[in-house]
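# Structural description and commentary
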Amino acid sequence: NAGVTQTPKFRILKIGQSMTLQCTQDMNHNYMYWYRQDPGMGLKLIYYSVGAGITDKGEVPNGYNVSRSTTEDFPLRLELAAPSQTSVYFCASSSAGLSIATNEKLFFGSGTQLSVL
Amino acid sequence: AQTVTQSQPEMSVQEAETVTLSCTYDTSESDYYLFWYKQPPSRQMILVIRQEAYKQQNATENRFSVNFQKAAKSFSLKISDSQLGDAAMYFCAYRILRFGNEKLTFGTGTRLTIIP
């Protein structure tokens, strides 16, 4: 019963460094999402994917890239880390898209705490 | 633009008592869903309850119920018989019911403390 697994749980980056946040799910979900949660704020959608090979921008995509080569994996890449990207990042998945599911359930990972100094 | 407002950053309640968390939202849409998510210290987000805007009847899930006032754009969460395991951040969220829209808009959260 792994669900949605994110790695690493914590990371500190220097300004300008790059890194990839990993997300994998074992529920055969087509839809996957990346959110960021800034202190005292709600979650904001960065990118999402409706299936392997298909990705789309959310509210705050600048500074990030994603890929979806398999159903299971949806990595999020930061190319040039900036202090504004200090946040907690959540990956989530859903069996059907939120817009079409009648009983949508969004399964979240436990998050990655990223600090850019 | 759609916004979700949670005006109570923190709330506390005695164990076994009832507490109500407030949420208001702003939208010009008529078809949408509203949600309450729970985020315990483990950080994982857990769906607590969902309300379809077209339904007049308030949603309930065991000890959790909502008071949905569509005209007032208000969506409060009531937790009855509070338990220690209810301690968490609670987020109100909103989504337009439209094909292809995958965006959930979240409020800033309310931290709920349960007093033994």
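This one's a predicted model, so the numbers in the text were calculated from it and none came from an experiment. (Residues numbered from 1 in each chain as written. Chains lettered and ligands numbered in written order. Predicted model: local features only at pLDDT ≥ 70, side-chain atom pairs only at ≥ 80, totals over all residues. Heavy atoms only, no water.)

## Re the overall build of chain A
Looking only at helices and strands, one finds zero helices and eleven strands in chain A. Here the C-alpha radius of gyration of chain A, 13 Å, is about what a compact globule of 117 residues would show, namely 13 Å. By its C-alpha atoms, chain A is 40 × 30 × 25 Å across when sized along the principal axes. Sequence-distant contacts in chain A: of pairs separated by 6 or more residues, those separated by 24 or more amount to 56%. A gap of 8 Å separates the mean positions of the 9 positive and 8 negative side-chain charges of chain A. (Helix = DSSP H or I, 4+ residues; strand = E, 2+ residues; numbered from the N terminus. Rg over C-alpha atoms; globule rule 2.2 N^0.38 Å. Contact = heavy atoms within 4.5 Å. Lys, Arg positive; Asp, Glu negative; His and termini not counted. Charge placed at Lys NZ, Arg CZ, Asp CG, Glu CD.)

## Quick word on the sheet that holds strand β3 (residues 19-25) of chain A
Residues and elements named next belong to chain A. Overall, antiparallel pairing links the four strands, which are arranged β1-β3-β8-β7 in an open sheet. Each having just a single partner strand, β1 (4-7) and β7 (64-66) make up the two edges of the open sheet. On average, each strand axis in the sheet is tilted by 20° relative to the strand beside it, whichever way the strands run. In terms of strand pairing, β3 meets strand β8 (residues 76-78) through three bridges, oriented antiparallel. (Pairing = 2+ DSSP bridges. Axes fitted to C-alpha atoms, helices over the stretch in contact; angles between N-to-C directions.)

## Digging into the interface of chain A and chain B
The partner chain B presents 22 residues to the 31 residues of chain A that form the contact. In this structure, the connection of chain A to chain B is made through one salt bridge. Our count for the chain A to chain B interface comes out at six residue pairs in polar contact (both at pLDDT 80 or more). Class assignment for the residues of the side of chain A that touches chain B results in 15 nonpolar, twelve polar and four charged. (Salt bridge = Lys/Arg side-chain N within 4 Å of Asp/Glu carboxyl O. Polar contact = N/O pair within 3.5 Å; in protein donor to acceptor, adjacent residues only side chain to side chain. Nonpolar A, V, L, I, M, F, W, Y, C, P; charged D, E, K, R; others polar.)

## Digging into the nonpolar core
Tyr 25, Trp 36, Phe 75, Leu 77 and Tyr 90 of chain B are the most contacted members of the largest nonpolar core, which totals 26 residues. Those elements that place two or more of their residues in this core are β3 (19-21), β5 (32-39), β6 (46-52), β8 (64-69), β9 (74-79), β10 (88-96) and β12 (110-115) of chain B. A total of five residues in this core trace back to one element, the largest contributor, which is β10 of chain B. Excluding residues that lie within four positions of it along the chain, Tyr 90 of chain B makes contacts with Gln 6, Leu 21, Trp 36, Tyr 37, Lys 38, Val 48, Phe 64, Leu 77, Ile 79, Gly 109, Thr 110 and Leu 112 of chain B. Grouped together as the second largest cluster of nonpolar side chains are 20 residues, Tyr 35, Tyr 48 and Phe 108 of chain A together with Leu 104 of chain B included. (Core = buried A, V, L, I, M, F, W, Y, C linked by side-chain atoms within 4.5 Å. Buried < 20%, exposed > 50% of the residue type's maximum accessible area, 1.4 Å probe, protein only.)

## Quick word on the packing of aromatic side chains
Going through the model one piece at a time under the given rule, you end up with 16 aromatic pairs over all chains. For the ring pair Tyr 35 of chain A and Phe 108 of chain A, a centre distance of 5.9 Å and an interplane angle of 40° mean the geometry is tilted. Placement of Tyr 35 of chain A in strand β4 (residues 31-37) and of Phe 108 of chain A in strand β10 (residues 107-108) is noted, with a sequence separation of 73 residues between them. Each member of the pair, Tyr 35 of chain A together with Phe 108 of chain A, is buried. With 5.9 Å between their ring centres and 80° between their planes, Phe 108 of chain A and Tyr 37 of chain B make a pair best called edge-to-face. (Phe/Tyr/Trp six-rings, centres within 6.5 Å; stacked < 30°, edge-to-face > 60°.)

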